[in-house]
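# Architecture and fold: a report
Each chain is listed here by its residues.
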Amino acid sequence: MGSFVVTNIGTLVTNDPGLGEGVLGVRKDAAIAFADGKVTWVGDSAQAPAADHGVDLGGRALLPGFVESHSHLVFAGDRAEEFAARMTGTPYTAGGIRTTIEATRAADEGQLEATVRRLLNEALRSGSTTVEIKTGYGQTTRDELRSAQVAGRFTDDVTLLAAHVPPPEYAGRADDYVAMVCDEMIEACAPHAKWIDVFCERGAFNEEQSRAVLKTGVAHGLIPRVHGNQLGEGPGVQLAVELGAASVDHVTYVTAADIDALASSSTVATLLPGADFCTRNAYPNARALLDAGVTVALGADCNPGTSYTTSLPFCIALAVRELHMTPAEAVWGATAGGARALRRNDIGHLGIGARADAIALDAPSYLHLAYRPGVALVREVWKDGVLVTGAGA
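Report follows, based on the coordinates. Only a predicted model underlies this, so the values are computations on that prediction, with no experimental measurement involved.

Turning to the side chain of Arg355, a few remarks are in order. Mapped onto the elements, Arg355 comes out in the loop between helix H12 (327-341) and strand S16 (358-361). For Arg355, a relative accessible area of 15% puts it in the buried group. Within the structure, the side chain of Arg355 is placed 3.2 Å from the side chain of Asp384, a separation counted as a polar contact. Not counting residues within four places of it along the chain, the set of residues in contact with Arg355 comprises Gly37, Lys38, Val39, Thr129, Thr130, Arg344, Asp346, Ile347, His349, Leu350, Lys383 and Asp384.

Helix length check: helix H4 (residues 141-152) (12 residues) gives 16 Å between terminal C-alpha atoms against 16 Å at 1.5 Å per residue, within 8%. Every buried residue belonging to H4 is among Thr141, Asp143, Glu144, Arg146, Ser147, Ala148, Val150 and Ala151, and all of these are buried. Residues of H4 that are buried make contact with helix H2 (97-106), helix H3 (109-125), strand S8 (133-134), strand S9 (158-163) and helix H5 (174-189).

What follows covers the nonpolar core. Looking at soluble globular proteins, one finds that nonpolar side chains tend to be buried together. The biggest cluster of nonpolar side chains holds 89 residues, and the ones touching the most others in it are Leu63, Val213 and Leu289. In terms of residue count, H5 provides more of this core than any other element does, eight residues in total. With near-sequence residues (within four places) excluded, Leu63 lies in contact with Val13, Val331, Leu350, Asp357, Ala358, Ile359, Leu361, Tyr366 and Leu369. Membership of the second largest hydrophobic core comes to 19 residues, among which are Leu57, Leu350, Ala356 and Ala360.

It is worth spelling out the packing of H4 against H5 at this point. Here H4 crosses H5 at 30°, and the two axes come no closer than 9 Å. Seen from above, H4 lies across H5 with right-handed handedness. Contact with H4, carried on its side by Thr141, Glu144 and Leu145, involves Met180, Glu184, Met185, Ala188 and Cys189 of H5 and no other residues of that element. Here the residues of the contact of H4 with H5 are counted per class, giving five nonpolar, one polar and two charged.

Conventions we followed
Residues numbered from 1 in each chain as written. Predicted model: local features only at pLDDT ≥ 70, side-chain atom pairs only at ≥ 80, totals over all residues. Heavy atoms only, no water. Helix = DSSP H or I, 4+ residues; strand = E, 2+ residues; numbered from the N terminus. Buried < 20%, exposed > 50% of the residue type's maximum accessible area, 1.4 Å probe, protein only. Polar contact = N/O pair within 3.5 Å; in protein donor to acceptor, adjacent residues only side chain to side chain. Contact = heavy atoms within 4.5 Å. Expected span 1.5 Å × (residues − 1). Core = buried A, V, L, I, M, F, W, Y, C linked by side-chain atoms within 4.5 Å. Axes fitted to C-alpha atoms, helices over the stretch in contact; angles between N-to-C directions. Left-handed = near helix turned anticlockwise from the far one by under 90°. Nonpolar A, V, L, I, M, F, W, Y, C, P; charged D, E, K, R; others polar.

In structure tokens, the structure reads:
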């Protein structure tokens, strides 16, 4: 690959306070060098080292690549009509997931791969250089295994969402489905996943059922994550903290006790404002979480039913406008926060030795991600030090 240097960066976000100002480690008139897929140097543009390849950003901003820590990309079909009905007053109850289960089971592997590839390319163009992918639309051992294998062709961060909702054939028999997941599905799929997840929510799985799934996953070497507190207050947050989950995602309805538990734990609260936007749900109280010291990540939650977007820039704008996060907090959440939710220290920042995943904006500052919502500001994307989108990619 050779070495690469980016010079004349108007605003460089490193997420390393040792390299610049504030929690974002911001430097002005900066440069950065990559070699062998890693960041090798950060400093003033005038002192940039020689390199095999280079680009002058002309005063534009450079940030770490976005880290998407919550996505559901292995599916077939869409639910556009459900979305339209919801916009006219039909409430979201999680039941529509069963529509996607039916379509996903009927699809062949090539169709599933094509969907994942299309959405990952879309995410990359909007700056997401790392993407976690969940299963959860197969809900049989065969189909969940197939989904995990498909996801594993695109990412190392595969999540087995074996317990998304009880599938149609288990309607009214959630305990029986959980028993099958614990006795059969997790063992078959665990070699192809890193994480175990559960939708701990009314209409999905209760606390006892969710605990059984997560503990069985842990027994098979998987690390827990939780979908929780999306539709109302519930046990999701407390269960995630109890089991040392890497993250609890949605976190829309929380109590003071939930916030205290998160603040005293290593569990990340991953906020998914795209889902709240698309369901007309309430937005999470990000300020209460952040002010209490909770680690907050932002995700796009791309899925066919409740957040059919891959755009973290859109979610950053939502987080600033609707969740009352500062632009710096939102950018940190979509980069370093996402990395924390995946327990990764090689991504989400541009410190020395980090993976050379970076995005250039067609703007002078990261502030423009919230200031200019809906505008395609991502100009170039580097992944592992290689320019993968933009002029000359």
